[in-house]
Amino acid sequence: MAKRVIPGFGLSLGFATFYTSLIVFIPLAALFAKGLSLGGADLWRVVSDPQALASYKLSFGAALAGALINLLFGGLVAWVLVRYAFPGKRIVDALVDLPFALPTAVAGIALTELYGRNGWFGAPLGELGLKVAYTPIGVTVALTFIGLPFVVRTVQPVLAGLDRELEEAAASLGADRWQTFRRVLFPALLPAALTGFALAFARAVGEYGSVVFISGNMPFRTEITPLLIYSKLEQYDYAAASALGMVMLLFSFVLLLLINGLQFWTVKRAGG
Amino acid sequence: MATLEINVSRVTERAVSEAPWLRRLLVGIALVFLLAFLLVPLFLVFREAFSQGARVYLAALSNPDARHAIKLTLTAAAVAVPLNVIFGLAAAWAISKFRFRGKQVMITLIDLPFAVSPVIAGLIYVLLFGSRGWLGPWLENNGLHIIYAVPGIVLATVFVTFPFVARELIPVMQEQGVTHEEAALTLGAGGWQTFWRVTLPSVKWGLLYGVILCNARAMGEFGAVSVVSGHIRGKTNTLPLHVEILYNEYEFAAAFACASLLALLAVATLIAKSALEYKHQRDRERSLRAAARQEEP
């Protein structure tokens with residue numbers, strides 16, 4: 001066998017594998033071991049407990065709602081940033097990443113103040129009869145904030161890379177603007193938009209810091225699953241915490257697979 | 001003839017773009033959305049921080065607990081970021097320069113911490129090192145403390161920032177391939193020399209980008225750190241945890257004063273990130289132009 005020209009294979013792979021095992025793999029395996037140590041019946045009792053079910057409903061429901069809002073508005077923001085010129089565009093573009101950069105606790109207290117009873121947004125909304133802070137709507141607001149950059153950042157490069165000639169061809173063949181959008185642009189952008197949607201959803205499901213302040217944390221009403229895990233942990237019920245953690249992790253794995261599939265689709269679309 | 005051409009171009013122009021009123025409307029909606037969801041909350045942090053004047057603001061920041069929290073946050077980032085840089089470089093080197101089995105598994109594992117809830121990130125270390133965890137009794141017998149102590153905070157921070165540098169470096173290094181390194185090696189350079197002189201300079205912007213994002217997350221992490229910290233004032237509180245305690249004690253001005261430091265970090269991160277993106281784009285265009293010039297006879 002020919003000797004490898006580039007050195008450092010053993011060292012780099014060895015170190016990377018060791019570090020990944022230590023930081024990620026072994027601790028996550030410990031979670032599964034602890035959760036499964038409950039045994040089938042108890043495991044099922046813990047993960048299908050009414051309080052747990054209520055928390056899944058809120059976590060997944062609010063995350064889904066937030067991701068849908070981001071799909072719509074994120075797509076619009078990406079479109080506006082790529083296609084139109086307006087003053088302050090570069091600042092707006094940079095600002096989109098704020099939820100990635102702003103610590104979640106800071107976002108949490110800021111949103112709680114903003115949407116609270118006397119807040120800038122909370123007061124007028126309250127007069128309209130809409131309570132946001134300490135309700136599932138507040139949870140949705142926080143999860144929308146946290147997932148905002150994903151759709152913008154997945155759609156933006158694909159849209160920028162699209163050949164304008166496609167649209168010109170569609171137009172010269174008699175399509176109006178709306179038809180061109182629906183038939184030419186929309187299918188080209190769909191895989192990227194769905195990838196962004198899934199990423200925003202995955203991030204929102206596990207989110208903790210920005211939600212705990214605005215949610216009020218009432219069991220059965222505004223308690224998200226990560227918070228339920230946290231309270232099990234505080235009661236030293238490690239096994240129940242691990243079991244609920246397993247449910248969330250399994251869900252994340254499925255989403256991760258889906259996202260990989262979507263990215264593959266995006267690349268294929270762009271290439272062919 | 002001329003009028004006809006103008007008409008045609010106007011028709012195509014209309015067909016491939018939107019009417020001015022629609023453009024303005026779309027830009028307007030997008031800006032209002034971003035204003036309400038991003039700019040107003042950011043502005044509110046600074047506004048609330050100074051709501052009781054500069055003296056209260058400065059007092060909140062010079063409070064001994066706040067100063068200790070700042071120090072701990074800096075410490076956690078100072079350990080987590082370099083560790084993840086070394087890991088990122090090693091992983092990207094192995095993945096981009098060699099073929100081996102299980103590469104895809106490795107890439108998926110690297111991505112995993114992004115998909116894991118911060119609370120679970122903390123939980124896994126409690127299971128291993130907590131007083132009722134697997135290694136807990138042994139650690140206690142030997143007088144070692146990880147959970148509810150600084151090492152736990154560092155570990156949780158390392159976990160949540162684990163993918164940042166590797167994720168930035170892998171695509172950059174994959175795109176560059178191995179030709180430059182092979183050239184350097186055949187000209188007699190050693191392995192480390194090649195790494196320092198050839199590979200590292202060519203990925204420096206990607207690396208810096210990863211470091212900036214990694215650092216922002218390391219200093220701002222809340223959920224994972226909260227689980228392992230135990231919230232011991234003046235001992236295991238990071239700045240985000242200190243913000244939480246102040247807020248829950250209704251010390252709003254002080255909470256937002258500390259939060260404003262973290263918000264400033266976020267703004268600085270965004271500025272550095274944009275500057276890097278701009279610089280990277282300019283470098284790329286320049287090298288493309290240079291390549292085009294070389295191809296000319």
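As a convention, each chain's residues are numbered from 1 in the sequence order in which they are written. In the order they appear in the text, chains get letters beginning with A and ligands get numbers beginning with 1. Only residues with pLDDT of at least 70 are given local features in this predicted model, and only at 80 or more are side-chain atom pairs given and counted; all residues enter the totals for whole chains, interfaces and linings. Computation of side-chain values covers all heavy atoms of the structure but excludes hydrogens and water.

> Just give me the short version of the nonpolar core, but keep the residues and values in it.
Ranked by size, the top nonpolar core spans 188 residues in total, and within it Ile-23, Val-80 and Leu-102 of chain A together with Ile-110, Tyr-125 and Phe-159 of chain B carry the most contacts. Broken down by element, this core gets its largest block of residues, 15 residues, from helix α4 (residues 64–97) of chain B. Of the domains in this structure, domain 1 (19–49) and domain 2 (51–288) of chain B are the two that each give at least three residues to this core. Contact criterion: two residues are considered in contact whenever any of their non-hydrogen atoms come within 4.5 Å of each other. If we skip the residues at most four places from it in the chain, Ile-110 of chain B touches Phe-87, Ala-91, Ile-95, Phe-162, Pro-163, Ala-166 and Ile-170 of chain B. By convention a nonpolar core is built from buried Ala, Val, Leu, Ile, Met, Phe, Trp, Tyr and Cys residues, the set being connected through side-chain atoms within 4.5 Å. Partly exposed residues are those whose accessible area sits between 20% and 50% of the maximum for their type, while under 20% is buried and over 50% is exposed, using a 1.4 Å probe and protein chains only. To qualify as a helix, a DSSP run of H or I must reach at least 4 residues; to qualify as a strand, a run of E must reach at least 2; elements of each kind are numbered from the N terminus. Domain delimitation follows an automatic or database domain assignment.

> Describe the domain arrangement of chain B, naming the residues involved and giving the relevant values.
Residues and elements named next belong to chain B. Segmentation of chain B into domains returns domain 1 (19–49) and domain 2 (51–288). One C-alpha centre belongs to domain 1, the other to domain 2, and the line joining them spans 30 Å. With seven residues of domain 1 at the contact, the number on the domain 2 side is 10 residues. By buried area we mean how much accessible surface two parts lose on assembly, using a 1.4 Å probe and totalling the loss over both. Taken together, both faces of the contact between domain 1 and domain 2 bury some 710 Å²; the carbon and sulfur share is 74%.

> Break down the interface of chain B and chain A for me, with residues and values.
The interface is formed by 92 residues belonging to chain B together with 82 residues belonging to chain A. Carbon and sulfur atoms make up 81% of the area that chain B and chain A hide from each other, which totals about 8000 Å². Salt-bridge detection follows one rule: a side-chain nitrogen of Lys or Arg within 4 Å of a carboxyl oxygen of Asp or Glu. If you look at where chain B meets chain A, you find two salt bridges. One salt bridge connects Asp-97 of chain A with Lys-273 of chain B, and the closest N-O pair in it is separated by 2.4 Å. Any pair of nitrogen or oxygen atoms within 3.5 Å is treated as a polar contact; in protein, a donor-acceptor pairing is required on top of that, and neighbouring residues in sequence qualify only through side-chain atoms on both sides. Inspection of the chain B/chain A interface yields 10 residue pairs in polar contact (both at pLDDT 80 or more). Polar here means any residue outside two lists: the nonpolar Ala, Val, Leu, Ile, Met, Phe, Trp, Tyr, Cys and Pro, and the charged Asp, Glu, Lys and Arg; Gly therefore counts as polar. Class assignment for the residues of the side of chain B that touches chain A results in 66 nonpolar, 14 polar and 12 charged.

> Account for the side chain of Thr-269 of chain B, naming residues and giving values.
By the element assignment, Thr-269 of chain B lies in helix α15 (residues 252–295). Aside from chain neighbours lying at most four places away, what touches Thr-269 of chain B is Ala-101 of chain A together with Ile-212 and Ala-216 of chain B.

> Go over the packing of α4 of chain B against helix α11 (residues 191–202) of chain B, please, and point to the residues and values.
Residue and element names in this part refer to chain B. Axes here mean lines fitted to C-alpha atoms, for a helix over just the part in contact, with angles spanning 0 to 180 degrees between N-to-C directions. In the contact formed by α4 and α11, the axes pass within 13 Å of each other and the chain directions differ by 80°. With respect to each other, α4 and α11 are oriented roughly perpendicular. Where α4 abuts α11, its residues Leu-89, Trp-93 and Lys-97 lie against Phe-195, Thr-199 and Leu-200. Partitioned by chemical class, the residues of the contact of α4 with α11 number four nonpolar, one polar and one charged. Roughly parallel refers to an angle under 35 degrees, roughly antiparallel to one over 145, roughly perpendicular to one between 65 and 115, and oblique to any angle outside these ranges.

> Provide a residue-level description of α4 of chain B, including the pertinent values.
The end-to-end C-alpha distance of α4 of chain B is 49 Å, a good match for the 50 Å that 34 residues give at a rise of 1.5 Å each. Its side-chain oxygen 2.7 Å from the backbone nitrogen of Asp-65 of chain B, Asn-63 of chain B forms the N-cap of α4 of chain B. The span you would expect from a helix comes to 1.5 Å times its residue count less one.

> Explain the side chain of Ser-215 of chain A to me, and be specific about the residues and the numbers.
Residues and elements named next belong to chain A. The residue Ser-215 is located in helix α11 (residues 209–215) in this model. By relative accessible area, Ser-215 is classed as buried at 0%. Side chain to side chain, Ser-215 and Asn-217 meet in a polar contact 2.5 Å long. Those residues within four positions of Ser-215 in sequence are excluded, and the remaining contacts are Tyr-134, Thr-135, Val-139 and Thr-222.

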